[in-house]
Amino acid sequence: AQSVTQPDIHITVSEGASLELRCNYSYGATPYLFWYVQSPGQGLQLLLKYFSGDTLVQGIKGFEAEFKRSQSSFNLRKPSVHWSDAAEYFCAVVHGGATNKLIFGTGTLLAVQP
Amino acid sequence: DTGVSQNPRHKITKRGQNVTFRCDPISEHNRLYWYRQTLGQGPEFLTYFQNEAQLEKSRLLSDRFSAERPKGSFSTLEIQRTEQGDSAMYLCASSADGSYQPQHFGDGTRLSIL
């Protein structure tokens, strides 16, 4: 069965520092992967997606992610974090089949300190 | 694109009462999903509609839960005889037809059971 693991429950970085959030997936075929961000009390906003092709994908708000099949990973990165990036980040994989339902990781809560 | 709209944003009710939530998807989206998110967890799939047809239900969706999407437009999720364990954020998402179209989420309905 498909699954997503986000090993880091909580990460704190300083404003202006670089960021990498880890995501590992389990999927038999080519995965379709997403990163979403959720601010407190809000829904999820799509940051970026990977379907095929170039393994380095660019998203909104200066985020990027790299798909590495050999490591079953899809890590999210940002070169310089802003205070407004503080939020919870979710990695998700599309479950195979007709519904395209998403399987989410447990999320990583990002705190940004001045 | 007005986004996915969910109402109410918050619902507080006593155990044993019935509640109903509404979701208005992006107008041209045929696919509609409901997810449940508990504290510290990622969203979990509940059910999926393709137009007005409910094509998949998770085993998380007990017989106290029912969802409809009349005429393939808005959707409602009803919980009967609410229990403490129903306290969660209920998220609605919609997407266009086609393989692996990204899902766009509403801001959710936060349900609290007293």
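Everything discussed here concerns the structure shown above.
For the structure given in this document, a descriptive report is provided here. Nothing here was measured: the structure is a model prediction, and the numbers come from that model.

**Observations regarding the interface of chain B and chain A**
Taken together, the contact pairs 23 residues of chain B with 21 residues of chain A. Roughly 1,900 Å² of surface becomes buried between chain B and chain A when both sides are summed, with 55% attributable to carbon and sulfur atoms. Looking only at chain B, the three residues that lose the most surface to chain A are P43(B), Y100(B) and F105(B), adding up to 33% of its buried area. For E56(B), the salt bridge identified is with K101(A), shortest N-O distance 2.4 Å. For the pair chain B and chain A, the number of links is 9 residue pairs in polar contact (both at pLDDT 80 or more). Counting residues per element, the ones that place at least two in the side of chain B that touches chain A are strand 4 (31-37), strand 5 (44-50) and strand 9 (88-95) of chain B. Residue contributions to the side of chain B that touches chain A peak at 4 residues, all from strand 4 of chain B. In terms of residue class, the side of chain B that touches chain A is built from 10 nonpolar, 9 polar and 4 charged.

**Comments concerning the side chain of Q38(A)**
Mapped onto the elements, Q38(A) comes out in strand 5 (residues 33-38). Setting aside chain neighbours within four positions, we find Q38(A) in contact with G43(A), L44(A), A87(A), E88(A), F90(A) and Q37(B).

**Comments concerning the nonpolar core**
Formed by 26 residues in total, the largest nonpolar core has its most connected members in L19(A), W35(A), L47(A), L48(A), F74(A), L76(A) and Y89(A). Elements that contribute at least two residues to this core include exactly strand 2 (10-14), strand 3 (19-21), strand 5, strand 6 (44-50), strand 8 (64-68), strand 9 (73-78), strand 10 (87-94) and strand 12 (108-113) of chain A. Examining the composition of this core, we find that 4 residues originate from one element, strand 10 of chain A, more than from any other. Among the nonpolar cores identified, the runner-up in size contains 19 residues, and F49(B), L61(B), A67(B) and Y90(B) belong to it.

**A look at the sheet that holds strand 3 (residues 19-24) of chain B**
Strands belonging to one sheet form pairs held by backbone hydrogen bonds; the direction of such a pair is parallel or antiparallel. Residues and elements named next belong to chain B. With respect to topology, 4 strands assemble into an open sheet ordered 1-3-8-7, the strand pairing being antiparallel. Bordering the open sheet on either side are strand 1 (5-7) and strand 7 (65-68), each of which pairs with just one other strand. Strand-to-strand twist across the sheet, computed as the mean angle between neighbouring axes with direction ignored, equals 15 degrees. Looking at chain direction, strand 3 and strand 8 (residues 75-79) are connected through 5 bridges and run antiparallel. Along strand 8, the bridge assignment pairs C23 with S75.

The rules behind the values
Residues numbered from 1 in each chain as written. Chains lettered and ligands numbered in written order. Predicted model: local features only at pLDDT ≥ 70, side-chain atom pairs only at ≥ 80, totals over all residues. Heavy atoms only, no water. Contact = heavy atoms within 4.5 Å. Buried area = accessible area lost by both parts, 1.4 Å probe. Salt bridge = Lys/Arg side-chain N within 4 Å of Asp/Glu carboxyl O. Polar contact = N/O pair within 3.5 Å; in protein donor to acceptor, adjacent residues only side chain to side chain. Helix = DSSP H or I, 4+ residues; strand = E, 2+ residues; numbered from the N terminus. Nonpolar A, V, L, I, M, F, W, Y, C, P; charged D, E, K, R; others polar. Core = buried A, V, L, I, M, F, W, Y, C linked by side-chain atoms within 4.5 Å. Buried < 20%, exposed > 50% of the residue type's maximum accessible area, 1.4 Å probe, protein only. Pairing = 2+ DSSP bridges. Axes fitted to C-alpha atoms, helices over the stretch in contact; angles between N-to-C directions.

By themselves, these are just geometric observations and shouldn't be taken as functional.
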